[in-house]
Amino acid sequence: MTQDELKTLVGQAALNYVTPGSIVGVGTGSTVDKFIDALAASGMAIAGAVSSSQRSTERMRGLGIKILEAAEVTSLPVYIDGADEIDQAGTMIKGGGAALTREKIVADLAERFVCIADESKLVPVLGGFPLPVEVIPMAAAQIARRFAAMGGQATLRAGCVTDNGCQILDVRGLQIREPAAFEAEVSQWPGVVTVGVFARNRASVCLLGTAEGVRTLDFTA
Ligand code: 5RP
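Residues numbered from 1 in each chain as written. Predicted model: local features only at pLDDT ≥ 70, side-chain atom pairs only at ≥ 80, totals over all residues. Heavy atoms only, no water.

Novice: I would appreciate a short explanation of the packing of helix H1 (residues 3-13) against helix H2 (residues 30-42) in the present structure.
Specialist: If you want to describe how two helices pack, look at the angle between their axes and the distance between the axes. Interhelical geometry of H1 versus H2 gives an angle of 50° and a closest axis separation of 8 Å. Comparing the axis directions of H1 and H2 gives the class oblique. By crossing handedness, the relation of H1 to H2 is classed as right-handed. Only Ser30, Thr31, Lys34, Phe35 and Ala38 of H2 make contact with H1, whose side of the interface consists of Asp4, Lys7, Thr8, Val10, Gly11 and Gln12. (Axes fitted to C-alpha atoms, helices over the stretch in contact; angles between N-to-C directions. Helix = DSSP H or I, 4+ residues; strand = E, 2+ residues; numbered from the N terminus. Parallel < 35°, antiparallel > 145°, perpendicular 65-115°, else oblique. Left-handed = near helix turned anticlockwise from the far one by under 90°. Contact = heavy atoms within 4.5 Å.)

In structure tokens:
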């Protein structure tokens with residue numbers, strides 16, 4: 001199966017985690033696009049979706065799915081999103097699509113985070129994928145120096161302005177062995193909007209697309 005077919009497979013499988021009539025948290029990316037398409041094609045009636053990006057909002061609106069603001073809900077039963085990397089504890093690197101801040105906000109509203117990914121995303125240690133960090137432009141150089149001091153090379157993502165009007169640093173060369181401590185530390189550096197390590201908001205479940213079908217990793221057990 002191609003990577004695209006694996007994404008279609010898990011996008012479809014994620015429907016099993018959506019309760020008809022509920023409000024669904026929806027992430028961003030090519031795998032989530034498959035989920036959105038599957039949701040629309042299924043004909044399942046939902047009360048609406050809280051979206052993590054302009055990209056997903058436009059896709060869902062185009063398919064007739066009602067969009068609600070995060071401020072309109074107090075909690076969501078489920079948040080469906082992809083990942084750039086996920087480890088055996090459900091901790092992820094996210095932000096390849098530059099939507100990490102809104103993704104973390106919507107994930108934080110959800111009781112359950114269902115990660116959908118093809119099997120190439122499962123890694124023993126996070127950091128092979130360049131870590132996205134959304135930053136206030138004024139602080140970018142200062143934050144890059146802090147990463148250099150811990151062995152990371154941070155580069156500004158060219159031509160990228162986030163939905164929040166900020167910039168993305170992509171940090172290479174890190175091996176993130178203690179993701180929760182790393183997330184807590186980097187999150188408090190002045191000028192950091194969001195670090196793309198999702199440890200506090202890690203996945204509850206991962207639906208992993210493999211050549212043998214969907215493998216379900218349950219991190220709550
Ligand atoms: C966007 C993300 C995506 O979930 C991540 O980049 C995976 O994307 P894709 O499903 O296209 O591989 O974090 O900010």
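Past the structure itself, the notes keep going.
Novice: Before we go on, may I ask you to explain a nonpolar patch on the surface in this structure?
Specialist: A contiguous nonpolar patch, built from Ile136, Met138 and Val193 and spanning about 310 Å² of accessible area, is present on the exposed surface. Relative to the assigned elements, Val193 resides in strand E11 (residues 192-195). Judged by its relative accessible area of 34%, Val193 falls in the partly exposed class. (Patch = residues over 30% accessible without salt bridge, like charges linked within 9 Å, V, L, I, M, F, W, Y side chains within 5 Å. Areas by Shrake-Rupley, 256 points an atom, 1.4 Å probe, with all protein chains shown as cover. Salt bridge = Lys/Arg side-chain N within 4 Å of Asp/Glu carboxyl O. Buried < 20%, exposed > 50% of the residue type's maximum accessible area, 1.4 Å probe, protein only.)

Novice: Just checking my understanding: could you explain helix H6 (residues 179-187) for this structure?
Specialist: Because each turn of an α-helix spans 3.6 residues, side chains separated by three or four positions end up pointing in the same direction. Taken together, the buried positions of H6 are Pro179, Phe182, Glu183 and Val186. Angular distribution of buried residues about the axis of H6 spans 100°; they occupy a single face of the element. If you follow the buried residues of H6, they end up packed against helix H4 (100-109), strand E8 (131-135), helix H5 (140-149), E11 and strand E12 (197-198). (Arc of directions from axis to C-beta.)

Novice: How should I be thinking about the confidence of the model for the protein chain in this particular structure?
Specialist: Fine structural detail should not be taken from predicted coordinates in areas where pLDDT scores are low. Looking at the protein chain, pLDDT values average 98 and 100% of them are 70 or higher. Mean pLDDT per element in the protein chain: H1 is the minimum at 97, and E12 is the maximum at 99. (pLDDT = per-residue confidence, 0-100.)

Novice: Any chance you could explain H4 here in plain terms?
Specialist: For H4, the tally of buried residues reaches seven of ten residues, placing the bulk of the element in the interior. All buried positions along H4 are accounted for by Leu100, Thr101, Glu103, Lys104, Val106, Ala107 and Leu109.

Novice: Please explain the sheet that holds strand E1 (residues 23-26) as it appears in this structure.
Specialist: Adjacent strands of a sheet form backbone hydrogen bonds with each other and so pair up, either parallel or antiparallel. The seven strands are arranged E3-E2-E1-E4-E7-E13-E14 in an open sheet whose pairing can be described as mixed. The outermost strands of the open sheet, each flanked by one partner alone, are strand E3 (67-68) and strand E14 (213-218). Sheet topology places strand E2 (residues 48-51) next to E3; two bridges connect them, and they run parallel. Its bridge partner being in E3, Ala49 is matched across the sheet by Ile67. Those strands touched by helix H3 (residues 54-62) are E1, E2 and E3, and its axis lies near 160° from that of E2. (Pairing = 2+ DSSP bridges.)

Novice: Mind showing me how you'd approach the pairing of strand E7 (residues 113-118) here?
Specialist: Counting buried residues in E7 gives six out of six residues, a clear majority hidden from the surface. Burial of E7 is two-sided: the residues Phe113, Cys115 and Ala117 facing one way and the residues Val114, Ile116 and Asp118 facing the other way are all buried. In this sheet, E7 lies alongside strand E4 (residues 78-81) in parallel orientation, the contact comprising three bridges. Within E7, the position partnered with Tyr79 by the bridge is Phe113. When E7 meets strand E13 (residues 205-210), the two strands line up parallel, connected through five bridges. Bridge pairing links Cys115 to Cys206 in E13.

Novice: Would you mind going over the nonpolar core with me for this structure?
Specialist: Inside soluble globular proteins, nonpolar side chains tend to come together where they are buried. Counting residues in hydrophobic clusters, the biggest one holds 25 residues, and the most contacted among them are Leu76, Ile86, Met92, Phe113, Cys115, Ala203 and Cys206. Of all the elements, H4 adds the most residues to this core, at four residues. Ignoring anything within four residues of it in the chain, the contact list for Ala203 reads Ile86, Gly90, Met92, Phe113, Cys115 and Phe219. Core analysis: the second largest hydrophobic core is formed by 23 residues, Val10, Val24, Val32 and Val205 among them. (Core = buried A, V, L, I, M, F, W, Y, C linked by side-chain atoms within 4.5 Å.)

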